[in-house]
Amino acid sequence: MYNCLKLHPINRLWRCQVRRCPLSPLPFPAARPSTPPASSSSPILRPAFGAALLVLLASAPGADSSAWSAGAPAPEGIRFEEIGRQAGARLPHHSRIFPGKNGAVLDLFPGAGAVAAVGDYDDDGYDDLFVTDSGTGLGNHLLHNNGPDKDGNITFTDVTAAAGVGGGNSAHSLVTGALWFDYDNDGRIDLLVIRFGTPLLYHNEGNGKFRDVTAGSGLDKFANTAAVIAFDYDNDGRLDLLFGNYQRAVDLFDLKDRHVLPNRIDSADNGGGVTLWRNLGNGTFADVTEKAGLGKLSGWTLALGHADLDNDGWQDVYMAVDFGPDRLFLNNRNGTFREVTAEAIGIDGKHGMNVDVADYDHDGWLDIYITNITDDFLQECNMLWHNNGLDAAGKLSFTDVAKEAGVCSTLWGWAAKFADFDNDGWEDIMAADGMRTAGEQSYVPLLFKAITSPGFDPSNLDAWPAIGTMSWSGHQKKKLFRNLGNGTFKEIAEAAGVDNDLDGRGIAVADFDNDGLLDFYQTNKDQPSLLYRNRTAAAGNWLELKLAGTRSNRDAVGARVTVRAGGNLLIREVNGGNGFAAQSSTRLHFGLGAATKLDSLEIRWPSGLVESLPPSLALNRIYRVTEGKGLEPLAIRGAKPAAPTAAPGKHPSGKGARPRATGAPPSAGRLQ
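Residues numbered from 1 in each chain as written. Predicted model: local features only at pLDDT ≥ 70, side-chain atom pairs only at ≥ 80, totals over all residues. Heavy atoms only, no water.

A. Just the overall build of the protein, in detail. Of regular secondary structure, the protein possesses seven helices and 38 strands. Evaluated residue by residue, the protein yields a buried proportion of 63% over its 672 residues. For the protein, long-range pairs separated by at least 24 residues make up 66% of all intrachain contacts whose partners lie at least 6 apart in sequence. With an accessible surface of roughly 22200 Å², the protein has 53% of that area assigned to carbon and sulfur atoms. (Helix = DSSP H or I, 4+ residues; strand = E, 2+ residues; numbered from the N terminus. Buried < 20%, exposed > 50% of the residue type's maximum accessible area, 1.4 Å probe, protein only. Contact = heavy atoms within 4.5 Å. Areas by Shrake-Rupley, 256 points an atom, 1.4 Å probe, with all protein chains shown as cover.)

What follows is the structure, given as structure tokens:
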């Protein structure tokens, strides 16, 4: 067991914002109106940081290192078991120690680097993990998923050395993230490692080894990158890359100018913006940021998300920006984007930390969840952007319903992911939080004194008080919001056993044991990572699809699957790394609740091809679907041939859910 108070200091920066009045809740369930609500028909101007500075002083509560190892599940509720240690997946993270005065303060911007990326690199049917570290000279970790043993227990083996992907943390470079994507469409996912520095690109050689191909890739632009997504923005069948850059492009390890922090708290314009790299199809990438209409951005980009938000078949982009307004860009379908921030979501003065996308209310339009800071230090409130669809003039708009939906607070929020953890057909939200857990003394009083002093320049690193061993919004309990299916959520983290109080960063969701229940991996800054196995005993029926493009990109990123079952409309899109500090599985998971059969299943590929699969396919199985070829069997390592599929079971309550034992599930390991 780890004592949180003895771990290295970490985390990020103070935040100030005045919360706007909430909008009236939308009716539910209901079809989208042809015109957006009156409150969304014109730009929403959110209160900016002004002369009045709201700072609530908070001291760190006492540590409880046992809080994350246990939790009493509610009867027949969502339940998890933390298995990181026995699975060989509990890895410590180490922050970078920056040189010079206030190096510990610089580490608060953005306090990242603890990242996990999920992907089946050896195509054996089990999702593997790549986990980063940040300390000078310390290696990253590639964990091979061994699958469940005869008792149903899953384990991982560290194969980093053999694979050759451990590097990246050098004297002048800091690993900040990672992403699996098949850049050359050869059927094997490759690995990108982003850094404060230049990125690293590893080609998957197909034999458990990777080759560093960075030098010939064109990805040679220095940047302080904090986020990356892979998506096919021009639908040419090749995955492109969008980098989210935090600070401007300066060497943070050899500062010539100490003015390297945000120049304003709510509208900073001295950040790194974004870089769009177009995949040229010959193993190289070209910087097309200016050409695509993204070159004028200068915000502190912290997280990125892509999705088809206006249902036109092309991927749009949401940028979560620290110290300034988030940005929303729609795809013009000609290789360029247009900004619709003001008219679609309004101008906010918050500090965006995460982007994830899902149709949480089953109305056929993808919604967006953004975390901010809402704790004793600040009261920003998260944003759940309810997609209003297109009005009569074809304009897209969103309404923030986070408060009304019950998902306003994730404390000092970081990653948050949509996932249907109980297979009831409604996507829940798992969120990480916690800024900096160190000593008992709070940094806030000292910081408040500094920032209220005449002439304080927030961009000057030397103007910030030393943080030493002080804590700041530490020991925060994680949040799990169960979707109640009526437009609202209920927080159940304690009952589910996931309310650990570590300084969380990334949430990577995957069905690691192929049992139809979604698990997740949580990374923590300067603390050990956690692996939560889903043990929900009365989950609903389910379906998982692994898509493979042919005319479309091989990873099928951007493909949309629409399932109708039991009176519900379920939409899922394959995404290329949405969110903060974690990439989830690219498999699409559908909880089906009491439904015992599908009414329809349609796939819209990025190429424009639309395919329908037979609704008679057996449930509670994992299928591979290849573009233009339909269902194909996919062998899974060590699995026996699947037995004839039985009809989905019914729960004694009559809800149609299949009871699950705490050991190996009935269908574990069957990948068809």
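Having seen it, we continue.
B. The arrangement of the pattern of salt bridges in detail. As enumerated under the stated definition, the model contains 26 salt bridges in all. For Asp-236, the salt bridge identified is with Arg-278, shortest N-O distance 3.4 Å. Of the two residues, Asp-236 sits in the loop between β10 (223-231) and β11 (240-245) while Arg-278 sits in strand β12 (residues 274-279), which places them 42 residues apart along the sequence. Taking relative accessible area as the criterion, Asp-236 reaches 26% and is therefore assigned partly exposed. Here Asp-254 ties to Lys-256 by a salt bridge, and the two come within 3.1 Å at their closest N and O atoms. Taking relative accessible area as the criterion, Asp-254 reaches 36% and is therefore assigned partly exposed. Here the salt bridges do not stand alone but share partners, grouping Asp-234, Asp-236, Arg-238 and Arg-278 into one network. (Salt bridge = Lys/Arg side-chain N within 4 Å of Asp/Glu carboxyl O.)

C. Here's a closer look at empty space enclosed by the protein. Taken as a whole and judged by the stated rule, the model has six cavities of 30 Å³ or more. A volume near 480 Å³ is recorded for the largest cavity. Residue lining of the largest cavity: 31 residues in total, with Phe-418, Glu-427, Glu-573, Asn-575 and Leu-588 positioned closest to the centre. Going through the elements one at a time, β14 (300-307), β18 (356-358), β23 (411-419), β27 (504-510), β32 (568-573) and β34 (588-593) are the ones with two or more residues in the lining of the largest cavity. Within the lining of the largest cavity, the residues separate by chemical class into twelve nonpolar, eight polar and eleven charged. Roughly 120 Å³ of volume is contained in the second largest cavity. (1 Å grid on protein atoms, 1.4 Å probe; cavity = no way out; pocket = protein on both sides within 12 Å on 5 of 7 lines; lining within 4 Å. Points joined across faces, edges and corners; volume = space filled by probe spheres on them. Nonpolar A, V, L, I, M, F, W, Y, C, P; charged D, E, K, R; others polar.)

D. Representation of helix α6 (residues 444-451) within the structure. Those residues of α6 that fall on the buried side of the exposure criterion are Val-444, Leu-447, Ala-450 and Ile-451. Buried residues of α6, viewed axially, fall in a sector of 125°; they line one side. (Arc of directions from axis to C-beta.)

E. Spatial organisation of the pairing of strand β4 (residues 141-148). Note: strand β3 (residues 128-131) against β4, three bridges, orientation antiparallel. Residue pairing across strands places Leu-129 opposite Leu-143, the latter belonging to β4. Where β4 lies against strand β5 (residues 154-158), four bridges are found, and the strand directions are antiparallel. Across the sheet, residue Leu-143 finds its bridge partner in β5, namely Asp-158. Linking two consecutive strands that pair antiparallel, namely β4 and β5, is a turn of five residues; a positive phi of about 85° is found at Gly-152 within it. (Pairing = 2+ DSSP bridges.)

F. Layout of the packing of aromatic side chains. Counted under the stated rule, the structure contains 27 aromatic pairs. Taking 5.3 Å as the distance between ring centres and 80° as the angle between the ring planes, the aromatic pair formed by Phe-80 and Phe-421 counts as edge-to-face. With a gap of 341 residues between them, Phe-80 in strand β1 (residues 80-82) and Phe-421 in the loop between β23 and β24 (428-433) connect regions that are remote in the sequence. Phe-80 gets classed as buried once you look at its relative accessible area, which sits at 6%. Three or more aromatic residues joined by ring pairs form one cluster here, namely Phe-109, Tyr-246, Trp-300, Phe-323, Phe-456 and Trp-464. (Phe/Tyr/Trp six-rings, centres within 6.5 Å; stacked < 30°, edge-to-face > 60°.)

No statement about biological role is implied by the geometric values presented.
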